Amino acid sequence: MKKIFFVFLISYFIFPNAYGSSASLSGKVSDKESGKPLPGAVIYLPDLKTGAVTGSDGSYKINNLPEAKVLVQVNLVGY
């Protein structure tokens, strides 16, 4: 029994996401009036110091986020 617990404990530290929960944030940034996608928009989570840039279709995805409420900032030059 002690060996099984030890193996579990070691694997927990080696592969923390396998046992803990993580979330992702994804979406699409588009112009409110025209509905056209906005490529190059910066999505930033200042509390976590991470972010992403939208692709040519205006979509983005940020993986491996803790499950928490955080501020999300969206910036694009000209908007």
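One can find the structure itself at the top, above this paragraph.
Calculation criteria
Residues numbered from 1 in each chain as written. Predicted model: local features only at pLDDT ≥ 70, side-chain atom pairs only at ≥ 80, totals over all residues. Heavy atoms only, no water. Helix = DSSP H or I, 4+ residues; strand = E, 2+ residues; numbered from the N terminus. Contact = heavy atoms within 4.5 Å. Pairing = 2+ DSSP bridges. Axes fitted to C-alpha atoms, helices over the stretch in contact; angles between N-to-C directions. Buried < 20%, exposed > 50% of the residue type's maximum accessible area, 1.4 Å probe, protein only. Lys, Arg positive; Asp, Glu negative; His and termini not counted. Salt bridge = Lys/Arg side-chain N within 4 Å of Asp/Glu carboxyl O. Polar contact = N/O pair within 3.5 Å; in protein donor to acceptor, adjacent residues only side chain to side chain.

A. Up close: the environment of Ser26. Position of Ser26 relative to the elements: it lies in strand 1 (residues 23-28). Distance in space between the C-alpha atoms of Ser26 and Ile43 is 9.9 Å, their sequence separation being 17 residues. With near-sequence residues (within four places) excluded, Ser26 lies in contact with Tyr60 and Lys61.

B. Just the sheet that holds strand 2 (residues 42-45), in detail. Ordered in space as 3-2-5, the three strands form an open sheet in which the pairing is antiparallel. Bordering the open sheet on either side are strand 3 (50-53) and strand 5 (73-75), each of which pairs with just one other strand. This sheet shows a mean twist of 15 degrees between the axes of neighbouring strands, independent of strand direction.

C. Main features of the side chain of Asp31. Along the chain, the position of Asp31 falls in the loop between strand 1 and strand 2. One buried charged residue, Asp31, forms no salt bridge at all, with the nearest opposite charge on Lys36 at 8.4 Å. A polar side-chain atom of Asp31 sits 2.9 Å from a polar atom in the side chain of Tyr79. Setting aside chain neighbours within four positions, we find Asp31 in contact with Lys36, Leu38 and Tyr79.

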